[in-house]
Amino acid sequence: MKILVAVDENWGIGKNNDLLIRIPADQKMFRQMTTGNVIVIGRKTLESFPNGAPLKDRVNIVLTKSERESKNGEVIVNGIEELLEEVKKYTDKEIYVAGGGSIYKQLLPYCKTAYVTKIDRKYDADVCFPNLDADPEWELAESSEEQIYFDTTYHFLTYERVQN
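For every chain, the first residue of its written sequence is number 1, and the numbers climb from 1 along that sequence. Local features in this predicted model are restricted to residues of pLDDT 70 or higher, and side-chain atom pairs are both shown and tallied only at a pLDDT of 80 or more, whereas totals for entire chains, interfaces and linings draw on every residue. Side-chain numbers here rest on the full set of heavy atoms in the structure, without hydrogens or water.

A.B. asks: I would appreciate a short explanation of helix α3 (residues 80–87) in the present structure.
C.D. replies: Side chains three or four residues apart in an α-helix point the same way, a direct result of the helix having 3.6 residues per turn. Residue burial is assigned from relative accessible area. The probe radius is 1.4 Å, only protein chains are included, and a residue is buried under 20% of its type maximum, exposed over 50%, and partly exposed in between. Going along the chain from the N terminus, every DSSP run of H or I of four or more residues is numbered as a helix, and every run of E of two or more is numbered as a strand. Taken together, the buried positions of α3 are Ile-80, Leu-83, Glu-86 and Val-87. Buried positions in α3, seen along its axis, are confined to an arc of 120° and lie on one side of it. When we speak of the arc, we mean the arc of directions from the helix axis to the C-beta atoms.

In structure tokens, the structure reads:
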């Protein structure tokens, strides 16, 4: 599995169940990487999508503790073991973990690559992602040129899990 996340300088990812900022190039990259593939999200992330509906042209797997039924074709799983069994069905697709905070923390140990949009600004976030720069299990493998969206600068970073 791989992670897709946008973080601020403090590794904040969201506030009030919403993104800190919407950067069109980041959203385009997300669409390009995930279309035709699988995204793993939490219930709150699904509910934050337009009309609470899964993203089209992707398999949407929702990891939740809530007992709920699929309403719009999303796949519901109720635990890590069930998720790991479910993703085995998609050997021809990439599996992307796409939020929120609890899902990222639970699934980080199962991921080998993290695609991070690092925003050079501090926001008032109420949810954070683990700081990969401070984690010896991860190393920065690639960094884009500086990108600019209005007065906000950011970089596309790729982290790889260090092999022991």
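A.B. asks: Explain the layout of surface pockets to me, please; I cannot follow it from the model alone.
C.D. replies: Points on a 1 Å grid, built from protein atoms alone, make a cavity when a 1.4 Å probe fits but cannot get out and make a pocket when they are open with protein on both sides within 12 Å along at least 5 of 7 lines; residues with an atom within 4 Å of a point are the lining residues. Grid points are joined across faces, edges and corners, and a volume is the space filled by probe spheres set on the points. The computed volume of the largest pocket comes to approximately 1200 Å³. As for the largest pocket, its lining consists of 48 residues, of which Thr-45, Ser-48, Ala-98, Gly-99 and Gly-100 are closest to the centre. Mapped onto the lining of the largest pocket, the elements with two or more residues apiece are β1 (2–7), β2 (12–15), β3 (18–19), α1 (24–34), α2 (43–48), α4 (101–107) and β8 (113–119). Here the nonpolar group is Ala, Val, Leu, Ile, Met, Phe, Trp, Tyr, Cys and Pro; Asp, Glu, Lys and Arg are the charged ones; every other residue, Gly included, is treated as polar. Grouping the constituent residues of the lining of the largest pocket by class yields 21 nonpolar, 17 polar and 10 charged.

A.B. asks: Sorry if this is basic, but what is going on with the sheet that holds β3 here?
C.D. replies: The pairing of strands in a sheet happens through backbone hydrogen bonds and is either parallel or antiparallel. The antiparallel open sheet is built from 3 strands, whose spatial order is β3-β2-β9. A strand with exactly one partner marks an edge of an open sheet, and here the two such strands are β3 and β9 (127–128). For two strands to pair, DSSP has to find at least two bridges joining them. Pairing between β2 and β9: 2 bridges, direction antiparallel. Residue Gly-14 lies in a different strand from β9, and its bridge partner there is Val-127.

A.B. asks: Please explain unusual backbone geometry as it appears in this structure.
C.D. replies: Most peptide bonds adopt trans geometry, and most residues besides glycine take a negative phi value. Residue Gly-100 is bonded to the preceding Gly-99 through a cis peptide linkage, with omega at 0°. In this structure, Gly-100 sits in the loop between β7 (95–97) and α4. Positive phi is not limited to glycine here, since Asn-16 has a value of about 55°. Of the residues examined, Asn-16 reaches a relative accessible area of 60% and is grouped as exposed. With phi around 65°, Asp-57 is a residue other than glycine that occupies positive phi space. Relative to the assigned elements, Asp-57 resides in the loop between α2 and β5 (59–63). A relative accessible area of 54% means that Asp-57 is categorised as exposed.

A.B. asks: Would you take a moment to explain the nonpolar core for this structure?
C.D. replies: Most often, soluble globular proteins have nonpolar side chains that are buried together. Here, nonpolar core means buried Ala, Val, Leu, Ile, Met, Phe, Trp, Tyr and Cys residues that are tied together by side-chain atoms lying within 4.5 Å of each other. Ranked by size, the top nonpolar core spans 30 residues in total, and within it Ile-3, Ile-61, Val-116, Phe-129 and Leu-132 carry the most contacts. Here, two residues are considered to be in contact whenever any of their heavy atoms come within 4.5 Å of each other. With residues near it in sequence (within four places) discarded, Val-116 still touches Val-5, Val-7, Trp-11, Leu-132, His-155, Phe-156, Leu-157 and Tyr-159. One finds Leu-4, Ile-23, Ile-41 and Leu-55 within the second-largest nonpolar core, a separate group that totals 17 residues.

A.B. asks: Is there a simple way to think about the side chain of Glu-86 in this case?
C.D. replies: With respect to the secondary-structure elements, Glu-86 resides in helix α3. Only 3.1 Å separates the side chain of Glu-86 from the side chain of Tyr-90, close enough to count as a polar contact. Excluding its chain neighbours within four sequence positions, the residues that come into contact with Glu-86 are Ile-61, Val-75 and Val-77. Whenever a nitrogen or oxygen atom comes within 3.5 Å of another N or O atom, the pair is scored as a polar contact, on the condition that within protein one atom can donate a hydrogen and the other can accept it, and that pairs from neighbouring residues in sequence are kept only if both atoms are in side chains.

A.B. asks: What's the story with the pattern of salt bridges in this structure? I'm lost.
C.D. replies: Side chains that differ in charge, positive against negative, can pair when their charged atoms come close. Between Lys or Arg on one side and Asp or Glu on the other, a salt bridge is scored when a side-chain nitrogen of the former is within 4 Å of a carboxyl oxygen of the latter. Tallied over the entire structure, the rule returns 11 salt bridges. Between Arg-161 and Glu-137 there is a salt bridge, with the nearest N and O atoms lying 2.6 Å from each other. Here Arg-161, found in strand β12 (residues 152–161), pairs with Glu-137, found in the loop between β9 and β10 (138–143); they are 24 residues apart in sequence, far enough to count as distant. A relative accessible area of 16% places Arg-161 in the buried class. Taken together, the shared-partner salt bridges in this structure form one network comprising Arg-43, Glu-47, Arg-68 and Glu-74.

A.B. asks: Whenever I open this one, the side chain of Glu-74 confuses me. Can you help?
C.D. replies: Turning to its location among the elements, Glu-74 is positioned in the loop between β5 and β6 (75–77). Taking relative accessible area as the criterion, Glu-74 reaches 3% and is therefore assigned buried. Only 3.2 Å separates the side chain of Glu-74 from the backbone nitrogen of Lys-71, close enough to count as a polar contact. At 2.9 Å, the side chain of Glu-74 forms a polar contact with the backbone nitrogen of Asn-72. Leave out the neighbours within four places in its chain, and Glu-74 touches Leu-46, Pro-54, Asn-60, Val-62, Arg-68 and Glu-69.

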